[in-house]
Amino acid sequence: MRKALITGVTGQDGSYLAQLLLAKGYEVHGLIRRASSFNTGRIDHLYQDARDPDARLFLHHGDMTDGVRLLTLLGSIAPDEVYNLAGQSHVRESFDQPRFTAEIVAMGTLHLLEAIRHSKVDCRFYQAGSSDMFGDSTPPHTERSLFAPRSPEATAKAYAHWTTRNYREGYGLYAVNGIAFNHESPRRGETFVTRKITQAVARIQAGRQDHLYLGDLTPVRDWGYAPEYVEGMWRMLQQDQPDDYVLATGTGRSVEEFVEAAFEHAGLEWRRHVRFDERYLRPTEVEELLGDPSKAAEKLGWRTSVGMEQLAQIMVDADVDALEHEGRHWVDDVRLPGWSTSATD
Ligand code: GDP
């Protein structure tokens, strides 16, 4: 049985990736931070008691700032694949906590790569890069586009990207960078703009809220559906040779267009509800991120099928559903062929 270690397993991507790998027959190990309250809501539906002989998902406390812990964990698990999805990934937040963001995203990746190198565990390594690394660079962005990061989160991701590359070229590790453009879902964190919008739409429709406060509506992003992106991550680790790939839909749409699609799906007129709040502006904004996924399509056979409108609909429907199930544990069904219809199956 193949074994995978996922850092950031409690996040959006970590939870979908764990779901995908379990369905593929993997034993999955996840790194979680200790907190006095539980933070495993996105993976509770996948968890089985570790004493159950059929259990294949195991959670380990640890932190990306603790290199010794990463080294010992890696040695004891001896995974075949390591997916580094942990991070303080919120761009606006990274301006307020630049040092913390760098510790987790940049130094954390270094700790993990050093742990792999020194433990000599024979494993493949996936680094979750971000389209934010392109920043001001001219779109459309390919694997060869220049990085021009405009936030502490993006500069930290660029450090992690080049470190991963250097460990591949210098030490011969099977280490790859996935450069994923914005990918969203009902499991997206609630302060990222898409989820903030769809959650507000559900609440406005239910008469529980009147207004939604947002920042700049003009930036363009290349928005895809997260479960499709974790499939791309997995494919990168199944190739003969390690390489870097962009994961994107190839279509850019503005924040305003997403707002419009989400409100319209709920039968609401967005201009009546959306208000501006300068607190959501960033000191430096990235105006346009647009990926060219040709290489992933050609080499990995990876393609997206969900565009921005359908994504907005999936997310609004899920938030309406979640509001109806308030107080009970609820998790979204993945609306893609090949995924189980019920996440609790
Ligand atoms: P990012 O692309 O990684 O920064 O993902 P986000 O979902 O956080 O932001 C996407 C875009 O939406 C950025 O250009 C933000 O400036 C813009 N935006 C506008 N209003 C908001 C808001 O209220 N919250 C967030 N998170 N982003 C906003």
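### Some points on the sheet that holds strand β2 (residues 27–32)
In spatial order, the strands read β3-β2-β1-β4-β5-β6-β11; together these seven strands make up an open sheet with parallel pairing. Where the open sheet ends on each side, the last strands, each with one partner, are β3 (57–61) and β11 (245–247). Direction aside, neighbouring strands of the sheet carry axes that sit 20° apart on average. With four bridges connecting them, strand β4 (residues 81–84) and strand β5 (residues 124–130) associate as parallel partners. Counted as the bridge partner of Val 82 is Phe 125 from β5. This element, helix α2 (residues 67–77), spans β1 (3–7), β2, β3 and β4 of the sheet and lies at about 155° to β3.

### Observations concerning the site of the ligand
As a matter of local geometry, the ligand sits amid 18 residues, with Lys 196, Gly 215, Arg 221, Arg 282 and Glu 285 nearest to it. One of the side-chain nitrogen or oxygen atoms of Asp 132 is found 3.1 Å away from an oxygen atom of the ligand. At a separation of 2.5 Å, an oxygen atom of the ligand approaches a polar side-chain atom of Glu 285. Against a free-state accessible area of 530 Å², the protein chains account for coverage of 97% of the ligand. Where the shell around the ligand is concerned, the elements lending two or more residues are α6 (193–205) and β8 (212–214). Each residue belonging to the shell around the ligand can be placed in one class, and the counts come to eight nonpolar, four polar and six charged.

### As for unusual backbone geometry
In the segment running from Pro 139 into Pro 140, the intervening peptide bond is cis, with an omega of 0°. Tracing the sequence through the fold places Pro 140 in the loop between β5 and α5 (152–171). The phi torsion at Ala 78 lies on the positive side, around 50°, for a residue other than glycine. Examined against the element boundaries, Ala 78 turns out to sit in the loop between α2 and β4. By relative accessible area, Ala 78 is classed as partly exposed at 36%. For Lys 120, which is not glycine, the phi dihedral falls at a positive 60°.

### Considering the nonpolar core
Core analysis: the largest hydrophobic core is formed by 62 residues, its most contacted members being Tyr 83, Tyr 126 and Ile 197. Look past the residues within four positions of Tyr 83 in its chain and what remains in contact with it is Ala 4, Leu 5, Ile 6, Thr 7, Leu 17, Leu 21, Tyr 126, Met 233, Trp 234, Leu 237 and Gln 238. Counting 20 residues, the second-largest nonpolar core is a separate cluster that includes Leu 74, Val 82, Ala 115 and Ala 175.

### Brief notes about the pattern of salt bridges
Counting across every chain of the model gives 21 salt bridges. Where Arg 165 meets Glu 169, a salt bridge forms, and the shortest distance between an N and an O atom there is 3.4 Å. Within this pair, Arg 165 and its partner Glu 169 are both found in helix α5, separated by four residues, close to a single helical turn. Overlapping salt bridges bring together Arg 165, Arg 168, Glu 169 and Asp 244 as one network.

### Some words on the packing of α6 against helix α8 (residues 255–265)
Close contact between α6 and α8 brings their axes to 10 Å; oriented N to C, the two are set at 30°. Taken together, α6 and α8 sit at an angle that is classed as roughly parallel. You can see that α6 and α8 cross each other, and the crossing is right-handed. Where α6 approaches α8, its residues Val 193, Thr 194, Ile 197, Thr 198, Val 201 and Ile 204 are matched on the opposing element by Val 255, Phe 258, Val 259, Ala 262 and Phe 263. Residue composition of the contact of α6 with α8, grouped by class: nine nonpolar, two polar and no charged.

Scoring rules and cut-offs
- Residues numbered from 1 in each chain as written.
- Predicted model: local features only at pLDDT ≥ 70, side-chain atom pairs only at ≥ 80, totals over all residues.
- Heavy atoms only, no water.
- Pairing = 2+ DSSP bridges.
- Helix = DSSP H or I, 4+ residues; strand = E, 2+ residues; numbered from the N terminus.
- Axes fitted to C-alpha atoms, helices over the stretch in contact; angles between N-to-C directions.
- Contact = heavy atoms within 4.5 Å.
- Near = heavy atom within 4 Å.
- Polar contact = N/O pair within 3.5 Å; in protein donor to acceptor, adjacent residues only side chain to side chain.
- Areas by Shrake-Rupley, 256 points an atom, 1.4 Å probe, with all protein chains shown as cover.
- Nonpolar A, V, L, I, M, F, W, Y, C, P; charged D, E, K, R; others polar.
- Buried < 20%, exposed > 50% of the residue type's maximum accessible area, 1.4 Å probe, protein only.
- Core = buried A, V, L, I, M, F, W, Y, C linked by side-chain atoms within 4.5 Å.
- Salt bridge = Lys/Arg side-chain N within 4 Å of Asp/Glu carboxyl O.
- Parallel < 35°, antiparallel > 145°, perpendicular 65-115°, else oblique.
- Left-handed = near helix turned anticlockwise from the far one by under 90°.

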